[in-house]
Amino acid sequence: MNSRWLLLFALALALGASAADDVAELAHLMDDSSDRKPLQTMVPHYPEKARRQRLTGEVEVCFKVDREGNTSRIAVRRSTHRIFEKPSILAVRASTYFPLDEDQKLPGIKTCRTFRFQLMPVAIEQPQ
Amino acid sequence: MTSTVKHWGLSATVIVCVSCWSFASLGQNARTVIGPTNPALQDGADALLAGDAAEGVRLTLLGLESAGSARDRQTAMSNLCAGYVMLDDLDAALEYCDRVIEENDNRWKAFSNRALIYVKMQRYEEAELDLQRGEAIAPNARTLRAVRAMLLDAIEPVAPNIVIDDRRQPAKDADVE
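Conventions adopted
Residues numbered from 1 in each chain as written. Chains lettered and ligands numbered in written order. Predicted model: local features only at pLDDT ≥ 70, side-chain atom pairs only at ≥ 80, totals over all residues. Helix = DSSP H or I, 4+ residues; strand = E, 2+ residues; numbered from the N terminus. Buried ≥ 20, exposed ≤ 12 C-beta atoms within 10 Å, placed from the backbone. Contact = placed C-beta atoms within 7 Å. Axes fitted to C-alpha atoms, helices over the stretch in contact; angles between N-to-C directions. Parallel < 35°, antiparallel > 145°, perpendicular 65-115°, else oblique. Left-handed = near helix turned anticlockwise from the far one by under 90°. Pairing = 2+ DSSP bridges. Core = buried A, V, L, I, M, F, W, Y, C linked by C-beta atoms within 7 Å. pLDDT = per-residue confidence, 0-100. Nonpolar A, V, L, I, M, F, W, Y, C, P; charged D, E, K, R; others polar.

J.: What should I look at first to understand the overall build of chain A in this one?
T.: In terms of regular secondary structure, chain A is built from three helices and seven strands. Shown N-terminal to C-terminal, the secondary structure of chain A runs as helices and strands in the order β-α-β-β-α-β-β-α-β-β. The buried share of chain A, reckoned over its 128 residues, is 16%. Partitioning the intrachain contacts of chain A with sequence separation of at least 6 by distance along the chain shows that 65% fall at a separation of at least 24.

Spelled out as structure tokens, the structure:
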């Protein structure tokens, strides 16, 4: 396994009340190979229709990050189900990265982010 | 689990299937007249579709009394099943759905409505059977899909889990110039 995989963060975030209905748990996986470091990462909305139909999937979105850390030229590179594409694009559009220092060169390559839309079985207690 | 069913209960009024096909062509010459053969049945269906369950049931009961064909009678009973679901009178609803299916087991709307009743009664195995029978008749019916989702939420609740992966995949490196 490549050494850059050594640094792996799995962050379980407690989300705000408005998002709690949509996202029970979030994991953000990163390594030290990224050219830009995320500043604010927006979580896509899990489409209710997909949840009800028990659809899961994965979307890879590639985009440019400018010097200020804003995203642009967002494009879906790979997708297992179209229903997840729009929320992924919206999430990337609303996400930001740390700005570059003046002496840092703007990388010419695109940044890519993969969203995995998963469903976890939950056990609910019956009230006595 | 109960809370899930209650949550869906609000949606039940829009999930029940209402049949409104009680139209027929009358006359055989150029002066063909088209209209409902059973106005009460049609008005009842319209009321149910408008969300007025009590009025819909009242009119549909009148329509059932004057139903002149098996088709009208089945439509009336199917709509009474739907109407009583909307009124949350599940026992009455089940009785009418049972009667429709007994007469004609090719009515997917009756199976859909009865599956909905079974979900609300927490009789999940029977709901599954009715959904399968309804889906065999109308595989793409949105209403059946909605009821199936209710059943799944009741028996196999799930929570969304989103993973954001920013790791650079080896395959990506080859694409980048």
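Next, the rest of the story.
J.: Please explain the environment of A:Lys105 as it appears in this structure.
T.: All names here are of chain A. Relative to the assigned elements, Lys105 resides in the loop between β6 (96-97) and β7 (111-121). For Lys105, a count of 7 C-beta atoms within 10 Å puts it in the exposed group. Expressed as a C-alpha distance, the spacing of Lys105 and Arg67, which sit 38 residues apart in the sequence, is 8.7 Å.

J.: Before we go on, may I ask you to explain the packing of helix α3 (residues 39-49) of chain B against helix α5 (residues 70-86) of chain B in this structure?
T.: Between two packed helices, what matters for the description is the angle formed by their axes and the separation of those axes. Residues and elements named next belong to chain B. Where α3 contacts α5, the axes come no closer than 10 Å and their chain directions differ by 30 degrees. As far as their axial angle goes, α5 and α3 are roughly parallel. Once α3 is placed against α5, the crossing between them reads as left-handed. Residue-level inspection shows Leu41, Gly44, Ala45 and Leu48 of α3 in contact with α5, the latter providing Asp72, Thr75, Ala76, Asn79, Ala82, Gly83 and Met86.

J.: It is not clear to me how the pairing of β7(A) should be interpreted in this structure. Could you clarify?
T.: The side chains of a regular strand alternate, first on one face of the sheet and then on the other. Summarising the sheet, strand β4 (residues 57-65) of chain A and β7(A) pair through seven bridges and their orientation is antiparallel. Paired with A:Val59 across the strands is A:Phe115, a residue of β7(A). Taken together, the eight bridges between β7(A) and strand β3 (residues 158-165) of chain B define a ladder with antiparallel strand orientation. Pairing of A:Leu119 across the sheet is with B:Pro160, part of β3(B).

J.: I keep staring at unusual backbone geometry and nothing clicks. Help me out?
T.: For residues other than glycine, phi is negative in most cases, and the peptide bonds are mostly trans. Phi at A:Arg54 is positive, roughly 60 degrees, even though this residue is not glycine. Positionally, A:Arg54 belongs in the loop between α2 (48-52) and β4. With phi around 65 degrees, B:Asp88 is a residue other than glycine that occupies positive phi space.

J.: Quick question: what am I supposed to make of the nonpolar core here?
T.: Inside soluble globular proteins, nonpolar side chains tend to come together where they are buried. Counting residues in hydrophobic clusters, the biggest one holds 41 residues, and the most contacted among them are B:Cys81, B:Val85 and B:Cys97. Of all the secondary-structure elements, those providing two or more residues to this core are α3, α4 (53-65), α5, α6 (90-103), α7 (108-120), α8 (124-137) and α9 (142-155) of chain B. Not counting residues up to four positions away in its chain, the partners in contact with B:Cys97 are B:Cys81, B:Ala110, B:Asn113, B:Arg114 and B:Ile117. Counting 13 residues, the second-largest nonpolar core is a separate cluster that includes A:Val43, A:Tyr46, A:Val59 and B:Ile164.

J.: What should I look at first to understand the pairing of strand β5 (residues 71-79) of chain A in this one?
T.: Note that β4(A) and β5(A) share six bridges and pair antiparallel. Pairing of A:Val59 across the sheet is with A:Ser79, part of β5(A).

J.: When you look at α3(B) in this model, what are you seeing that I'm missing?
T.: In an α-helix, one full turn covers 3.6 residues, which means residues spaced three or four apart are oriented alike. Considered for burial, the residues of α3(B) that qualify are B:Ala40, B:Leu41, B:Gln42, B:Gly44, B:Ala45, B:Ala47 and B:Leu48. Backbone geometry just downstream of α3(B) places B:Gly51 in the positive-phi region, at approximately 95 degrees.

J.: Just checking my understanding: could you explain the confidence of the model for chain B for this structure?
T.: Low pLDDT means the predicted coordinates in that region are not meant to be read closely. All names here are of chain B. The predicted model of chain B averages 82 in pLDDT, with 77% of residues at 70 or higher. In this model, residues 1-14 is a region of pLDDT below 50 whose contacts with residues beyond four sequence positions or in other chains number 18 contacts. The complex model carries a pTM of 0.67, and its ipTM stands at 0.78.

J.: Can you help me understand the packing of α3(B) against α4(B) in this one?
T.: Residue and element names in this part refer to chain B. One way to put it is that α3 packs onto α4 with a least axis distance of 7 Å and a crossing angle of 160 degrees. Classified by the interaxial angle, the pair formed by α3 and α4 is roughly antiparallel. For the crossing formed where α3 meets α4, the hand is left-handed. Two secondary-structure elements touch here, α3 through Ala40, Leu41, Asp43, Gly44, Ala47 and Leu48 and α4 through Ala53, Glu55, Gly56, Leu59, Thr60, Leu62 and Gly63. For the contact of α3 with α4, the class distribution of residues is seven nonpolar, four polar and two charged.

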